[in-house]
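Each chain, letter by letter, is given below.
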Amino acid sequence: QRLLRAWSALSALWFLLPLVYFLTDPFFRSGAVQVVCAISLAAAYALSWHLSLVAIPVSELVAPHLGLNDGAVKRAHKTVGWCTAGWAFVHGAGQLVYFSSHGLLESLSFIP
């Protein structure tokens with residue numbers, strides 16, 4: 001439980017610090033779509049942070065180093081996996097909003 005709280009706090013920082021930096025730039029403050037773009041790009045930082053942990057195989061080798069039993073490590077791994085999906089959604093949805101607002105979706109080959 002403490003490990004997930006620490007992870008959540010670090011993830012929030014990993015999202016908020018780039019977001020604040022982006023929002024200080026006049027480009028990202030010039031309209032709603034640009035704010036969505038800033039949020040999307042900041043979510044990419046948190047997404048990469050989560051992907052780095054989800055990529056670690058969960059096994060009996062990991063649990064002792066974290067001071068947790070095997071079941072707790074697997075639950076934490078699943079929680080981080082779902083959070084990763086959430087960050088991926090925020091990042092992907094924001095990029096789709098930005099691209100569609102600039103008419104760039106039509107140039108992608110997977111959209112008829």
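Scoring rules and cut-offs
- Residues numbered from 1 in each chain as written.
- Predicted model: local features only at pLDDT ≥ 70, side-chain atom pairs only at ≥ 80, totals over all residues.
- Heavy atoms only, no water.
- Helix = DSSP H or I, 4+ residues; strand = E, 2+ residues; numbered from the N terminus.
- Contact = heavy atoms within 4.5 Å.
- Polar contact = N/O pair within 3.5 Å; in protein donor to acceptor, adjacent residues only side chain to side chain.
- Core = buried A, V, L, I, M, F, W, Y, C linked by side-chain atoms within 4.5 Å.
- Buried < 20%, exposed > 50% of the residue type's maximum accessible area, 1.4 Å probe, protein only.
- Expected span 1.5 Å × (residues − 1).
- Axes fitted to C-alpha atoms, helices over the stretch in contact; angles between N-to-C directions.
- Parallel < 35°, antiparallel > 145°, perpendicular 65-115°, else oblique.
- Left-handed = near helix turned anticlockwise from the far one by under 90°.
- Nonpolar A, V, L, I, M, F, W, Y, C, P; charged D, E, K, R; others polar.
- Phe/Tyr/Trp six-rings, centres within 6.5 Å; stacked < 30°, edge-to-face > 60°.

(A) Molecular detail of the environment of Ser11. One can find Ser11 in helix α1 (residues 2-23). The spacing of Ser11 and Cys83 is 72 residues in sequence and 9.8 Å in space, taken between C-alpha atoms. Contacts of Ser11, omitting those with residues within four sequence positions, involve Ala46, Trp49 and His50. A polar contact is formed between the side chain of Ser11 and the backbone oxygen of Trp7, at a distance of 2.8 Å.

(B) Molecular detail of the nonpolar core. Counting residues in each nonpolar core, the largest one holds twelve residues, listed as Phe15, Leu19, Phe22, Phe28, Cys37, Ala38, Ala42, Ala43, Ala46, Leu47, Trp87 and Tyr98. Of all the secondary-structure elements, those providing two or more residues to this core are α1, α2 (32-54) and α4 (70-101). Discounting residues that sit within four places of it in the chain, Cys37 has contacts with Phe28 and Tyr98.

(C) Examining α4 more closely. Its 32 residues place the ends of α4 47 Å apart at the C-alpha level, agreeing with the 46 Å of an ideal helix rising 1.5 Å per residue. The set of residues buried in α4 consists of Ala72, Val73, Ala76, Val80, Thr84, Trp87, Gly94, Gln95 and Tyr98. Of the surrounding secondary structure, the elements contacted by the buried residues of α4 are α1, α2 and α3 (63-66). Positive backbone phi, approximately 70 degrees, marks Gly103, located one or two places after α4.

(D) Summary view of the packing of α1 against α2. Two elements in contact, α1 and α2, have axes whose closest approach is 8 Å; the angle formed by their N-to-C orientations is 150 degrees. The orientation of α1 relative to α2 falls into the category roughly antiparallel. Crossing of α1 over α2 shows right-handed handedness. On α2, the residues touching Trp7, Leu10, Ser11, Trp14, Phe15, Pro18, Leu19, Phe22 and Leu23 of α1 are Val35, Ala38, Ile39, Leu41, Ala42, Ala43, Tyr45, Ala46, Ser48, Trp49, His50 and Leu53. Tallied by class, residues from the contact of α1 with α2 come to 18 nonpolar, three polar and no charged.

(E) Representation of the packing of aromatic side chains within the structure. Within this structure, the stated rule accounts for nine aromatic pairs. Summarising the aromatic geometry, the rings of Trp14 and Tyr45 are spaced 5.9 Å apart at their centres and angled 85 degrees between planes, so their arrangement reads as edge-to-face. Note that Trp14 is positioned in helix α1 and Tyr45 in helix α2, a separation of 31 residues in sequence. Look at Trp14 and you get partly exposed, because its relative accessible area is 38%. Look at Tyr45 and you get partly exposed, because its relative accessible area is 36%. Aromatic pair Phe22 and Phe28: ring centres 5.3 Å apart, planes at 45 degrees, arrangement tilted. On the basis of relative accessible area, Phe22 is assigned to the buried category, the value being 12%. Classification of Phe28 by relative accessible area gives buried; the value is 11%. Site record: aromatic cluster; members linked through ring pairs are Trp7, Trp14, Tyr21, Phe22, Phe27, Phe28, Tyr45 and Trp49.

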